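# What the coordinates show
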Amino acid sequence: MLTSILCALVIVLLLILIWIYSKKNFDTHLRTFIEFNNDITVITTETEIIAMNKAGLHFLGFKNVKELKKKTKYLSKLFTEIRTEDSKYVTGINWVTKIPKGQNVKVQITTGALTQTFLMQVSRIKENRYMVTFHNISRMVAEKDTISKLAEKDELTQIYNRAKFKTILATCLRNAKIHNTPFTIILIDIDHFKKVNDTYGHDAGDKVLIQVSSLLKSLLRSQDSFARWGGEEFIILSHSSTLGEAHKLAERLRQSIEIFSFDIVKHITCSFGISQYETDDTIDSVIKRADNALYRAKAMGRNRVNA
Ligand code: GH3
Ligand code: MG
Ligand code: MG
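## A look at the sheet that holds strand 10 (residues 270–276)
The sheet built from five strands is open, its strands ordered 8-9-7-10-11 with mixed pairing. Pairing within the sheet leaves two strands with one partner each, and these edge strands are strand 8 (225–230) and strand 11 (305–306). Both strand 7 (residues 184–190) and strand 9 (residues 233–238) contribute to a ladder of six bridges, which runs antiparallel. Bridged to Leu187 within strand 9 is Ile235. Relative to strand 8, helix 5 (residues 162–179) is tilted by about 130 degrees, and along the sheet it contacts strand 7, strand 8 and strand 9. Contacts from helix 8 (residues 243–259) reach strand 7, strand 9, strand 10 and strand 11, with the element oriented near 165 degrees to strand 10.

Laid out in structure tokens, this is it:
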């Protein structure tokens, strides 16, 4: 009887030892495996970090996992999720169990003064063991940012182009319809600009366009949007609450151009057409009214503001 109990105890002990060994062995294999990955790679349980590859430790500035764990044992403390309207993955203590396989979660990791963007992926390896990888996409994000910034600027004047202005106006129009917030459009056209080109050459004309842009920009409030509408025409979206206010602003701009001494050509003037947002407006209708007002300003003798 005693022998059978002893035998059973020995077997149970052996099984426990095998279990501990295989568990240890499994984690050792994982540790070796994650070193092959160039991306930051972490092995974690539902709550605690078990291992991190050298790429990760080096990036975060830790000598080893022990040192890292002195700072935190929770992986979620090392990054912040970039949340959008429909993504909110890293919440709750067992967040790692909730991220669908193959799902990319955009996160940021800050080291010192530098914040970089990563795509995080989670794979469940076995019960309570997860491999989390962080693929650095900071360079791609920066390039995309530069490209989209370039795409919204006018090459010559470096102010917004027509396409960008239209997207700003579309947003403003949507808000105006919801919250009934007023805005005005000011269309500006350089007077007799063809004559500038004909008299001083195309390059001098370009210089005028650049100088007009920077002069107008310097006179506008940061909340007003300003763009090159095309050729020698500029456009302003002003959050002026009345037509009178917009008129005053345009008049100030008109006078500033009139007295400014431009390189080579010295003096030019501009005509201004203003429209104010009305309830049923579309992008086209609000601009059309400003264009009609501008047309009348030209007909009335140029160098004037008309609403
Ligand atoms: P108005 O007072 O009626 O506006 O007369 P205008 O001569 O300014 O108008 P018009 O439409 O007859 O001529 C516009 C000129 O603007 C013609 C075109 O060559 C010139 N232009 C358009 N884009 C550029 C540009 O990027 N650089 C230069 N230098 N000229 C341009
Ligand atoms: Mg014109
Ligand atoms: Mg003109």
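More follows now that the structure is in view.
## Observations concerning the coordination of the magnesium ion (ligand 2)
The magnesium ion (ligand 2) binds to the protein through Asp189 (OD), Glu232 (OE) and Glu233 (OE), with metal-donor distances spanning 2.2 to 2.8 Å. For the magnesium ion (ligand 2), the donor residues sit on a single chain with the sequence spacing D-x42-E-E. Between the magnesium ion (ligand 2) and the magnesium ion (ligand 3), both coordinated by Asp189, there is a metal-metal distance of 3.7 Å. Of this pair, Asp189 sits in strand 7 while Glu233 is found in strand 9, placing the two residues 44 residues apart along the sequence. Accessibility expressed as a relative area gives 7% for Asp189, which makes it buried. You can call Glu233 partly exposed: its relative accessible area is 21%.

## A few points about the coordination of the magnesium ion (ligand 3)
Around the magnesium ion (ligand 3), the donor atoms from the protein are Asp189 (OD), Ile190 (O) and Glu232 (OE), and they sit 1.9 to 2.2 Å away. For the magnesium ion (ligand 3), the single-chain donor residues occur in sequence as D-I-x41-E.

## Some remarks on a nonpolar patch on the surface
Nonpolar side chains collect at one region of the surface, where Leu2, Ile5, Leu6 and Leu9 lie side by side and expose about 420 Å² of accessible area between them. Along the polypeptide, Ile5 turns up in helix 1 (residues 2–34).

## Thoughts on helix 8
Between its first and last C-alpha, helix 8 extends 24 Å over 17 residues, near the 24 Å set by a 1.5 Å rise per residue. Of all the residues in helix 8, the buried ones are Ala246, Leu249, Ala250, Leu253, Arg254, Ser256 and Ile257. Projected down its long axis, helix 8 carries its buried residues within an arc of 165 degrees, all on one side. Away from its buried face, by an angle of more than 90 degrees, helix 8 presents the exposed residues Lys248 and Ile259. Buried residues belonging to helix 8 abut strand 7, helix 7 (202–219), strand 9, strand 10 and strand 11.

Cut-off values and rules
- Here the residue index of a chain counts from 1 through its sequence in written order.
- The naming scheme follows written order: chains are lettered A onward, ligands numbered 1 onward.
- Confidence filtering applies because this is a predicted model: local features only for residues at pLDDT of at least 70, side-chain atom pairs given and counted only at 80 or more, and all residues used for totals across whole chains, interfaces and linings.
- To obtain the side-chain values, all non-hydrogen atoms of the structure were included, while hydrogens and water were left out.
- A strand pair is defined by DSSP finding two or more bridges across the two strands.
- Elements are defined by DSSP. Helices are runs of H or I of four residues or more, strands are runs of E of two residues or more, and each kind is numbered from the N terminus.
- Should any heavy atoms of two residues lie within 4.5 Å, those residues are considered in contact.
- Only the stretch in contact is used when fitting a helix axis, every axis being a line fitted to C-alpha atoms; angles between N-to-C directions are given from 0 to 180 degrees.
- Distances decide who is a donor: an N, O or S atom must be within 2.8 Å of the metal, or within 3.2 Å for Na, K and Ca. Water is not included, so sites may look incomplete.
- Only protein chains enter the accessibility calculation, which uses a 1.4 Å probe. A residue is then buried if its area is under 20% of the maximum for its type, exposed if over 50%, and partly exposed in between.
- Only residues above 30% relative accessible area that lack a salt bridge enter a patch, with like-charged residues linked at up to 9 Å and the nonpolar side chains Val, Leu, Ile, Met, Phe, Trp and Tyr linked at up to 5 Å.
- For accessible areas, the Shrake-Rupley method is used with a probe of radius 1.4 Å. Any residue's cover is judged against the shown protein chains and nothing else.
- Think of a salt bridge as a Lys or Arg side-chain nitrogen and an Asp or Glu carboxyl oxygen that are within 4 Å of each other.
- What a helix is expected to span follows from its residue count: subtract one and scale by 1.5 Å.
- Summarising the geometry, the arc corresponds to the directions from the helix axis toward the C-beta atoms.

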